[in-house]
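# Fold and contact review
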Amino acid sequence: MLKDKVALVTGAASGIGRCVALTWAREGARVVLADLNEEQGQESAALVRELGAEALYLRADAGSPADHEALVALTMRHFGRLDAACNNAGIGGASAPTADYPLDAWEQVLRVNLSGVFYACKYQIAAMLQGGGGSIINMASILGAVGFANSAAYTAAKHGVLGLTKAAALEYSARGVRINAVGPGFIQTPMISGLEQDPATHAALVAAHPMGRLGQPEEIAELVAWLASDRASFVTGAYYPVDGGYLAR
Ligand code: NAD
């Protein structure tokens, strides 16, 4: 689906991001991997190369506009184009009711999970326009569509990602840049391993998904690969939940 495309994914050292990088590689893409975690990021790049695909890892902070600018510049220098990007890096933040939510955690979650997606789009769109178009997939969440107690910053940031996605899609779809958002339900990655350790919390999360289970990173990466490809050529400004039915209630 992605033969010869150059595709960039942030948060590529773990969970969904690593899986997106590997799925893209299997579909024929050359992959740029970005993450703060250098050791695991290099490990992801090595796994991509084992599949026979070209891979480039760069240490980048998703909350830094300068790092996004450098990441896109490096991609353009190395590959000469940028066809697809998945803005996936994210953090969970604190767990506290709004009146007790720590100010620094609020700032940090908004910086990485929302401003980070804006910075990414800003530089990626410019590069994609140079190449005649492209596809951006922003990683939102089911919590971009409904609330979740004790997670004001995360819920607000993910709702913001949907708004940013829609506005940018309106601006650039006529010039060939498609911009969509994906909303995972609870997916078994290191991000939720803390929640899963408590049996009662784990059972409640499972029960919230009508399929009676949590999701796997591969189930998100499949959709991300399709959205990145030309098979999704008429899809823009959309939000796709991948949540085992969570939002159907
Ligand atoms: P994860 O913790 O396994 O991976 C997140 C990756 O992002 C890590 O490699 C981490 O190093 C990186 N990262 C964190 N902050 C960064 C920063 N400032 N700059 C660069 N990299 C940074 O988590 P995951 O579950 O794979 O989450 C990926 C995305 O999916 C996130 O945006 C998350 O909000 C979203 N999501 C996850 C779930 C879930 O249940 N796991 C559900 C909905 C949405």
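Placed above this text is the structure.
Quick caveat: nothing in here was measured; it's all calculated off a predicted structure. (Residues numbered from 1 in each chain as written. Predicted model: local features only at pLDDT ≥ 70, side-chain atom pairs only at ≥ 80, totals over all residues. Heavy atoms only, no water.)

### Notes on the pattern of salt bridges
Per the stated rule, a full pass over the model turns up six salt bridges. Here K5 makes a salt bridge to D230, at a shortest N to O gap of 3.2 Å. With K5 in the segment before β1 (6–10) and D230 in the loop between α8 (217–228) and β7 (239–242), the pair connects residues that are 225 residues apart, well separated along the chain. Given the relative accessible area of 55%, D230 is considered exposed. As a salt-bridge pair, D83 and R81 come within 2.6 Å of each other at their nearest N and O atoms. (Salt bridge = Lys/Arg side-chain N within 4 Å of Asp/Glu carboxyl O. Helix = DSSP H or I, 4+ residues; strand = E, 2+ residues; numbered from the N terminus. Buried < 20%, exposed > 50% of the residue type's maximum accessible area, 1.4 Å probe, protein only.)

### Overview of helix α5 (residues 152–172)
In a regular helix each residue adds 1.5 Å, so 21 residues correspond to 30 Å; α5 covers 30 Å between its end C-alpha atoms and thus fits that length. Inspection of α5 places A153, Y154, T155, A157, K158, V161, L162, L164, T165, A168 and A169 among the buried residues, and these make up the whole buried set. At its buried positions, α5 is contacted by α4 (103–130), β5 (134–139), β6 (177–184) and β7. (Expected span 1.5 Å × (residues − 1). Contact = heavy atoms within 4.5 Å.)

### Considering the site of the ligand
In the region of the ligand, 28 residues are neighbours, and S14, D35, A62, Y154 and T189 sit closest. Between the ligand and I16 there is a distance of 2.8 Å, counted from an oxygen atom to a backbone nitrogen or oxygen. Note that a nitrogen atom of the ligand is positioned 2.8 Å from one of the side-chain N or O atoms of D61. In the complex, 91% of the free accessible area of the ligand, which totals 830 Å², lies under the protein chains. Sorting the residues of the shell around the ligand by element identifies α1 (15–26) and α5 as the ones contributing at least two each. Class assignment for the residues of the shell around the ligand results in 17 nonpolar, eight polar and three charged. (Near = heavy atom within 4 Å. Polar contact = N/O pair within 3.5 Å; in protein donor to acceptor, adjacent residues only side chain to side chain. Areas by Shrake-Rupley, 256 points an atom, 1.4 Å probe, with all protein chains shown as cover. Nonpolar A, V, L, I, M, F, W, Y, C, P; charged D, E, K, R; others polar.)

Note that every value here comes from positions in space, so none of it alone points to a role or purpose.
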